[in-house]
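Below are the chains, spelled out letter by letter.
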Amino acid sequence: MAVGTMLDTETVLDRRRLRRHLGVWRAAAIAGVTLAIGAYLYNGDTVASLTGRDQIARVTLEGTITEDRKKLKLLKKIAEADHVAALLLFVNSPGGTTTGGEALYEALREVSKKKPVVAQFGTVAASAGYIVGLACDHIVSRGNTITGSVGVIVQWPEVSDLLDKVGVKMNEVKSGILKATPSPFQPLDEEGRKITSEMVKESYGWFVSLVEERRGIKASDVPGLTDGRIFSGRQALTYKLVDAIGGEAEAVSWLETEKGIAKDLKIVDWKPSDGSRFGLTSIAADLARSATAGALAALGERVGESATLRGFSLDGLVSVWHPSEN
């Protein structure tokens, strides 16, 4: 009986040791899967941005420009990152809100105080898209990039006639005659038009002075610039609105030859953080977003096709260019 008891005890101990070993391997497997998922969710360049390796940071600015706090925070991180030797800003935007362009301009100028910043223009870099380019130390544009459109606009719908036809009347009590002017619910009077025009002209003057200061030119010497004209990249080069024709290779070459940036540094994409994406909750959320991406994309395309809906999407002063549909 004693021998049997000892054998039973040894068997129990062996099983416990086996369970412990299996637990260790199970934990290692889970960690491996987690890292694999992380590598998938974070592309290699994004991971590289966290490693402290010497690099050129690349930030992409596409679509409508607004005051994006996450992007402003990202630019601040790039400015403070000792392992980032320079910033390459890719711009492909028709513009957006004037304040959005202003905020990015100021953030980029802060980066420029610590490391060189070069812009590469894509298909279009107009209005507020051009404002952010002005913040950079050097601008490289494609020959056919649509650029310029220096100007400011404020738009609003006016539906008073429609309301009259359907028998709807808007009542209001306001503290002053200029409060809530301009309004979509009543025709714009002369006083309202005057103050709105003064605001637009003041912001426009700021934009033009920015062009003159940063590009070292006189705006009146550039045909059509003060009228909001657009230019091709080659025309922009002729009028000194950009510095060179080319793409990313030319932008990097300028950093190497003019700013002494080491050759063959890796270009790493930096993107605003959405928080940790390694948690199971975040992964589940990503899967849910993917499941509805097709429907949302279709809806977005329908909205994007409508110039009317686009006009309603931006509040305040706007520096944006889009071709006329007339």
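Bear in mind the structure is a predicted one, so any value in this text is a computation, not a measurement.

1. With respect to the overall build of the protein
When helices and strands are tallied, the protein shows 11 helices and 9 strands. Here the protein, with 326 residues, has 36% of them falling under the buried criterion. Considering only contacts within the protein whose residues lie at least 6 apart along the sequence, 75% involve residues at least 24 apart. Carbon and sulfur atoms make up 56% of the accessible area of the protein, which totals about 19,600 Å².

2. Comments concerning the pattern of salt bridges
Across all of its chains, the model carries 7 salt bridges by this definition. One salt bridge connects Lys113 with Glu110, and the closest N-O pair in it is separated by 2.9 Å. Residue Glu110 is classed as partly exposed on the basis of its relative accessible area, which comes to 42%. The residue Arg215 makes a salt bridge to Asp243 at a minimum N-O spacing of 2.8 Å. Highlighted residues: Arg215 in helix α7 (residues 190–215) and Asp243 in the loop between α8 (233–238) and β7 (244–245), separated in sequence by 28 residues. You can call Asp243 partly exposed: its relative accessible area is 32%.

3. Some points on the nonpolar core
In this structure, Leu87, Val211 and Trp270 are the most contacted members of the largest nonpolar core, which totals 45 residues. Only β1 (55–65), α3 (69–80), β2 (84–97), α4 (98–112), β3 (117–126), α5 (128–134) and α7 provide two or more residues apiece to this core. Ala86, Val140, Val252 and Leu255 belong to the second largest nonpolar core, which has 12 residues in total.

4. As for the environment of Leu108
Note on placement: Leu108 falls in helix α4. The buried category is assigned to Leu108, whose relative accessible area is 2%. For the pair Leu108 and Cys136, spaced 28 residues apart in sequence, the C-alpha to C-alpha distance is 6.9 Å.

5. Overview of the side chain of Lys71
Counting through the fold element by element, Lys71 comes out in helix α3. Buried within the structure, Lys71 lacks any salt-bridge partner; its nearest side chain of opposite charge belongs to Asp68, at an N-O separation of 5.2 Å. Only 3.1 Å separates the side chain of Lys71 from the backbone oxygen of Thr60, close enough to count as a polar contact.

6. So, a negative patch on the surface
Taken together, the side chains of Asp189, Glu190, Glu191 and Glu198 make up a negatively charged region of the molecular surface. Looking at the element boundaries, Glu191 is found in helix α7. The class of Glu191 is partly exposed, set by a relative accessible area of 37%.

7. Section: the packing of α4 against α7
Contact geometry of α4 with α7 gives a least axis separation of 12 Å together with a crossing angle of 30°. Accordingly, the angle class assigned to the pair α4 and α7 is roughly parallel. Pair α4 / α7 crosses with left-handed handedness. Where α4 abuts α7, its residues Thr98, Glu102, Tyr105 and Arg109 lie against Trp206, Leu210 and Arg214. For the contact of α4 with α7, the per-class residue count stands at 3 nonpolar, 1 polar and 3 charged.

8. Regarding the packing of α3 against α4
Following both chains from N to C, one finds α3 and α4 inclined at 10°, their axes separated by 9 Å at the closest point. The pairing of α3 with α4 is recorded here as roughly parallel in orientation. Contact residues: Lys71, Leu72, Leu75 and Ala79 in α3; Ala103, Leu104, Ala107, Leu108 and Val111 in α4. Its residues assigned to classes, the contact of α3 with α4 shows 8 nonpolar, no polar and 1 charged.

9. Here we look at a nonpolar patch on the surface
A cluster of nonpolar side chains, contributed by Leu162, Val166, Val168, Met170 and Phe185, occupies part of the molecular surface with about 460 Å² of accessible area. Mapping Val166 onto the fold places it in helix α6 (residues 160–166). We classify Val166 as exposed; its relative accessible area is 54%.

Definitions and cut-offs
- Residues numbered from 1 in each chain as written.
- Predicted model: local features only at pLDDT ≥ 70, side-chain atom pairs only at ≥ 80, totals over all residues.
- Heavy atoms only, no water.
- Helix = DSSP H or I, 4+ residues; strand = E, 2+ residues; numbered from the N terminus.
- Buried < 20%, exposed > 50% of the residue type's maximum accessible area, 1.4 Å probe, protein only.
- Contact = heavy atoms within 4.5 Å.
- Areas by Shrake-Rupley, 256 points an atom, 1.4 Å probe, with all protein chains shown as cover.
- Salt bridge = Lys/Arg side-chain N within 4 Å of Asp/Glu carboxyl O.
- Core = buried A, V, L, I, M, F, W, Y, C linked by side-chain atoms within 4.5 Å.
- Lys, Arg positive; Asp, Glu negative; His and termini not counted.
- Polar contact = N/O pair within 3.5 Å; in protein donor to acceptor, adjacent residues only side chain to side chain.
- Patch = residues over 30% accessible without salt bridge, like charges linked within 9 Å, V, L, I, M, F, W, Y side chains within 5 Å.
- Charge placed at Lys NZ, Arg CZ, Asp CG, Glu CD.
- Axes fitted to C-alpha atoms, helices over the stretch in contact; angles between N-to-C directions.
- Parallel < 35°, antiparallel > 145°, perpendicular 65-115°, else oblique.
- Left-handed = near helix turned anticlockwise from the far one by under 90°.
- Nonpolar A, V, L, I, M, F, W, Y, C, P; charged D, E, K, R; others polar.

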